[in-house]
Amino acid sequence: MPGSFDYFRARNLVEATAALKQEGAVVLAGGTDLLVNIRGNKVYPQLVVDIKGLPELKGIRETREGGLWIGALTTMKEIAINTLIQERYKALAEAASVMGCFEIRVRATIGGNICNASPGAETGPVLAILNAAVEIGGPGGRRILPLEQFLLGPGRTALGQGEVLVGFILPPLPSGSRTAYLRRSRIKGMDLAAVSVAVLAGLPDSEGKREIRVAAGAVLATPARVGTVEEILKQGPLTYERIRQARDRFAEVIAPRAGSLRATPEYKQEMVGQLMEMALAKLAALEYRLEEVATL
Ligand SMILES: Cc1cc2nc3c(=O)[nH]c(=O)nc-3n(C[C@H](O)[C@H](O)[C@H](O)COP(=O)(O)OP(=O)(O)OC[C@H]3O[C@@H](n4cnc5c(N)ncnc54)[C@H](O)[C@@H]3O)c2cc1C
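Residues numbered from 1 in each chain as written. Predicted model: local features only at pLDDT ≥ 70, side-chain atom pairs only at ≥ 80, totals over all residues. Heavy atoms only, no water.

> I keep staring at the sheet that holds strand E11 (residues 178–184) and nothing clicks. Help me out?
Picture the strands of a sheet paired through backbone hydrogen bonds; they go either parallel or antiparallel. Here we have four strands laid out as an open sheet, ordered E11-E12-E13-E14, and antiparallel in their pairing. The sheet terminates laterally at E11 and strand E14 (224–225), the two strands that pair on one side only. Two strands pair when backbone bridges link them, and strand E13 (residues 212–217) and E14 are joined in this way by two bridges, in the antiparallel orientation. For Ala216, the partnering residue across the bridge sits in E14 and is Ala224. Taken strand by strand, helix H10 (residues 227–234) contacts E13 and E14, and its axis lies near 150 degrees from that of E13. (Pairing = 2+ DSSP bridges. Helix = DSSP H or I, 4+ residues; strand = E, 2+ residues; numbered from the N terminus. Contact = heavy atoms within 4.5 Å. Axes fitted to C-alpha atoms, helices over the stretch in contact; angles between N-to-C directions.)

Here you go:
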């Protein structure tokens, strides 16, 4: 049986951060992770601070730099249907639209997805390839951190006591670049990703070199970009040989958990490369046609 706890509905960031300074206080956003964890006796809060009414954490707006600010309380449904996100950061809309089921997507927030800090968090690899930064509010004021410095490990973030994730800052993408997100799960229908990959591909220069960013989920301690794979892909045209090399490197550098319920390490080592190749094919960045080679 879950223990009892107090509940406080904060009206603004000042109230929330003051309440969160109390020992045993936790944030409640959509509750789709937190309530499952309380019921499963994984978390024993003394005080639940409901932040759903905080105006400072809401909205999606363009930044002065030409990027986007996304409030931490933005739900997966709002992200999936937002036209600015669909046009400029398509992979984020793709990730949000495959998460959970309709009932989950209308409650689950992007802030909760990242603060829960699961290695397989759906939006994690996408935010990584978008070079997202997080805006944090707390007793010491506001601070901004790159995503890779915010996610410290499974279930661990850089949030200090009394701090709340306020929003995400997405810089503008390199001109002409496009993004894609693909995932595999055990079953068709609602299931967490067993492995996921997000890719950004820019326009090729005269030598066929381009900006490439690749990130993976559920195969590392945190969703993250994989620099050594990107380096191979950036060297020239995306030929069959270059992709084979990148796929081999991808399989070497990930560290999938042996005890994962969703997939074996061997499956994940095979699938990260396949998903990367399929995502690049989707972005029309490959020099060959996927149908011409046996991939699956
Ligand atoms: C049936 C089901 C299916 C699911 N499917 C998927 C899936 O396919 N992919 C996936 O990635 N996830 C999935 N999830 C997990 C969950 O829905 C997501 O991680 C969701 O985005 C969490 O958001 P939330 O607003 O519900 O977070 P909450 O449960 O409210 O919070 C999650 C954690 O983050 C903290 N937190 C939340 N917001 C903030 C903030 N702004 N500042 C500081 N701390 C904060 C909370 O204290 C808590 O520790 C699923 C869950 C369920 C129940």
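There's more to say after this.
> I keep staring at the environment of Leu57 and nothing clicks. Help me out?
Positionally, Leu57 belongs in the loop between strand E3 (47–50) and strand E4 (60–62). Since its relative accessible area comes to 0%, Leu57 is described here as buried. (Buried < 20%, exposed > 50% of the residue type's maximum accessible area, 1.4 Å probe, protein only.)

> Would you mind showing me how to read unusual backbone geometry here?
Peptide bonds are trans in most cases, and residues, glycine excluded, mostly fall at negative phi. Of note, the phi angle at Asn41 is positive, near 55 degrees, even though the residue is not glycine. Positionally, Asn41 belongs in the loop between helix H2 (34–39) and E3. Since its relative accessible area comes to 30%, Asn41 is described here as partly exposed. Even without glycine at this site, Ala117 takes up a positive phi of about 55 degrees. Look at Ala117 and you get buried, because its relative accessible area is 4%.

> Would you take a moment to explain the pattern of salt bridges for this structure?
Opposite charge on two side chains lets them pair, provided their charged atoms get close. If you walk through the whole model with that rule in mind, you get 19 salt bridges. Notably, a salt bridge pairs Lys282 with Glu94, separated by 2.9 Å at the nearest N-O pair. Note that Lys282 is positioned in helix H12 (residues 265–282) and Glu94 in helix H5 (residues 90–98), a separation of 188 residues in sequence. Where salt bridges share partners, they join Arg244, Arg247, Glu270 and Glu277 into one cluster. (Salt bridge = Lys/Arg side-chain N within 4 Å of Asp/Glu carboxyl O.)

> What is the right way to look at the sheet that holds strand E6 (residues 133–138) in this model?
Overall, antiparallel pairing links the five strands, which are arranged E4-E5-E10-E6-E7 in an open sheet. Either end of the sheet is taken by a strand with one partner, and the two such strands are E4 and strand E7 (141–146). Taken pair by pair, the neighbouring strands of this sheet meet at an average axis angle of 25 degrees, ignoring direction. Inspection of the sheet shows E6 paired to E7 by six bridges, in the antiparallel sense. Residue pairing for E7: Gly138 is matched across the bridge by Gly141.

> It is not clear to me how the nonpolar core should be interpreted in this structure. Could you clarify?
The tendency in soluble globular proteins is for nonpolar side chains to be buried as a group. Within the largest apolar cluster, 54 residues are counted, with the highest numbers of intra-cluster contacts made by Val49, Ile51, Leu57, Leu92, Leu127 and Leu170. Each residue touching Ile51, except ones within four places of it in the same chain, is listed here: Ala16, Val27, Leu28, Ala29, Leu57, Leu73 and Val164. Counting residues in each nonpolar core, the second largest holds 31 residues, with Val197, Val214, Ala279 and Ala285 among its members. (Core = buried A, V, L, I, M, F, W, Y, C linked by side-chain atoms within 4.5 Å.)

> It is not clear to me how the site of the ligand should be interpreted in this structure. Could you clarify?
The local shell around the ligand holds 32 residues, among which Val27, Thr32, Asp33, Leu34 and Thr109 are the closest. Ala29 is positioned with one of its backbone polar atoms (N or O) 2.8 Å from an oxygen atom of the ligand. The separation between an oxygen atom of the ligand and a polar side-chain atom of Thr109 is 2.6 Å. Taken by itself the ligand offers 980 Å² of open surface, and the protein chains cover 87% of this. Only strand E2 (25–28), H2, helix H7 (110–115) and strand E10 (164–170) provide two or more residues apiece to the shell around the ligand. Residues of the shell around the ligand, tallied by class, amount to 19 nonpolar, nine polar and four charged. (Near = heavy atom within 4 Å. Polar contact = N/O pair within 3.5 Å; in protein donor to acceptor, adjacent residues only side chain to side chain. Areas by Shrake-Rupley, 256 points an atom, 1.4 Å probe, with all protein chains shown as cover. Nonpolar A, V, L, I, M, F, W, Y, C, P; charged D, E, K, R; others polar.)

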